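# Breakdown of the fold
One letter stands for each residue in the lines below.
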Amino acid sequence: MKTLTPRLRSLSSKQSLLQHHVQQLPIGATAALSSHITTTATTTSGTTRPFSVLNRPPPNYPGHVPLTGLERAALAVGSGVVSFFDPYRHDMIAALGEATASPYFIERLRRAMLSSRTGRRILRDRPRITSASLDLPRLRALPANTVGGTYVAWLDREGVSPDTRDGVRYIDDAECAYVMQRYRESHDFYHALTGLPVVREGEVALKAFEFANTLLPMTGLSLLAIATMKPAERGRFWSIYGPWAVRNGLRSDEVINVYWEEEMETDVDALRARLGIETPPDLRDIRKRERAEKKRLKEAAAAQAVAS
């Protein structure tokens, strides 16, 4: 016992010193170190306890659910299958996005933000996009040609609320989790900027644009929904909206770096020009004219049948 006491004192001293140095590290480094320590915890026998469902590390941020590699793969496959058959399961689409974004793709998007002065400010401030934070009544009072006026008009026309975005749960790094949350909450601004509606055809076109711009795998996997669209819709995608999405997504600036909260009074056409985004043909107008033409042909055929 006497020989063990000095060792215990030495261990306690080293632990205090380590805690002191950890407290001096930047927040991001502290989180990374804490994550490393918790995922490689050492038992009294000197062996490490690997991360498993029976030895899950503590969450790195509120709502975080640490996953093993097997769990992440199962989540990706399961959410992908459900999303394909039911594209309105936004919770499954969100889970698919998180399960497939780590580790490389969300890190690439984070690096894109760190390479931009505006992106770095967004990461520092971590603003959230909600109806309260945006003050929608104020946006409705803005001129129609402003970013805020265009955005709120699109929300009202499509019956969409900015408060419906799920929180990120399955990305381990806290800052990368915020990057995914920012992408998710900015999605409706991309809709407003391009004018694409929330119908399946419009969502697929926007996902193609996002894939070319962000490289997030979920946006690319969403293009499988092309197989479920009607022949006329598929034809429009391949001839109009697919080429538009690839061209604009590749050439435009990283849209994740737009500080939307500071652009509300900006002329929307000026922002499009700054980002390098051209608006595609009005999809709702095309669909409306198509329905009118089908109705006209149906009525003409019925009239001809009566006359004969």
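Because the structure is a prediction, the values reported are computed rather than measured.

## A word on the nonpolar core
In terms of nonpolar packing, the biggest core is built from 58 residues, with Ile106, Tyr151 and Trp260 touching the most fellow members. The dominant element in this core, judged by the number of residues it contributes, is helix α10 (residues 174-194), at ten residues. If we skip the residues at most four places from it in the chain, Ile106 touches Ala101, Ile171, Cys176, Val179, Met180 and Leu216. With six residues, the next largest nonpolar core counts Leu67, Ala76, Ala99 and Tyr170 among its residues.

## A few points about helix α3 (residues 69-85)
Over its 17 residues, α3 extends 25 Å from the first C-alpha to the last, a length consistent with the 24 Å expected when each residue adds 1.5 Å. Turning to α3, its buried residues number three or more, namely Arg72, Leu75, Ala76, Ser79 and Ser83. With its buried residues spanning 100° around the axis, α3 presents them on a single face. Facing away from the buried side of α3 by over 90 degrees, the exposed positions are Leu70, Val77 and Phe85. Buried positions along α3 lie against α4 (90-101).

## Considerations on the packing of aromatic side chains
Under the defined criterion, the tally for this structure stands at seven aromatic pairs. Arranged with centres 5.2 Å apart and planes meeting at 80°, the rings of Tyr104 and Phe105 form a pair that is edge-to-face. A relative accessible area of 46% means that Tyr104 is categorised as partly exposed. Using a relative accessible area of 30% as the deciding quantity, one classes Phe105 as partly exposed. For the pair Phe237 and Trp238, a centre-to-centre distance of 5.1 Å together with 80° between the ring planes defines the contact as edge-to-face. Taking the relative accessible area as the measure of exposure, Phe237 reaches 5% and is therefore buried. Through successive ring pairs, a cluster of aromatic residues spans Tyr151, Phe189, Tyr190 and Trp260.

## Concerning the confidence of the model for the protein
One rule of thumb: low pLDDT means the predicted coordinates there are not for detailed reading. Taken residue by residue, the protein gives an average pLDDT of 84. The fraction at 70 or more is 83%. Low pLDDT (under 50) marks residues 1-48, which in the prediction has 16 contacts with non-local residues, meaning those over four places away or in another chain.

## Side note on the side chain of Ser79
Considering the arrangement of structural elements, one finds Ser79 in helix α3. Only 2.6 Å separates the side chain of Ser79 from the backbone oxygen of Leu75, close enough to count as a polar contact. A distance of 3.4 Å separates a polar atom in the side chain of Ser79 from the backbone nitrogen of Leu96. Here Ser79 is in contact with Met92, Ala95 and Leu96, once residues within four sequence places are set aside.

## Describing the pattern of salt bridges
For the structure on display, the rule yields 27 salt bridges. Here Arg165 ties to Asp188 by a salt bridge, and the two come within 2.8 Å at their closest N and O atoms. Of this pair, Arg165 sits in the loop between α9 (147-158) and α10 while Asp188 sits in helix α10, placing them 23 residues apart in sequence. A relative accessible area of 26% means that Arg165 is categorised as partly exposed.

## Focus: the side chain of Arg272
Structurally, Arg272 is set in helix α14 (residues 268-275). What makes Arg272 buried here is its relative accessible area of 13%. The contact partners of Arg272, leaving out residues within four places of it in the chain, are Thr150, Ala192, Leu193, Ile277 and Thr279.

Definitions and cut-offs
Residues numbered from 1 in each chain as written. Predicted model: local features only at pLDDT ≥ 70, side-chain atom pairs only at ≥ 80, totals over all residues. Heavy atoms only, no water. Core = buried A, V, L, I, M, F, W, Y, C linked by side-chain atoms within 4.5 Å. Buried < 20%, exposed > 50% of the residue type's maximum accessible area, 1.4 Å probe, protein only. Helix = DSSP H or I, 4+ residues; strand = E, 2+ residues; numbered from the N terminus. Contact = heavy atoms within 4.5 Å. Expected span 1.5 Å × (residues − 1). Arc of directions from axis to C-beta. Phe/Tyr/Trp six-rings, centres within 6.5 Å; stacked < 30°, edge-to-face > 60°. pLDDT = per-residue confidence, 0-100. Polar contact = N/O pair within 3.5 Å; in protein donor to acceptor, adjacent residues only side chain to side chain. Salt bridge = Lys/Arg side-chain N within 4 Å of Asp/Glu carboxyl O.

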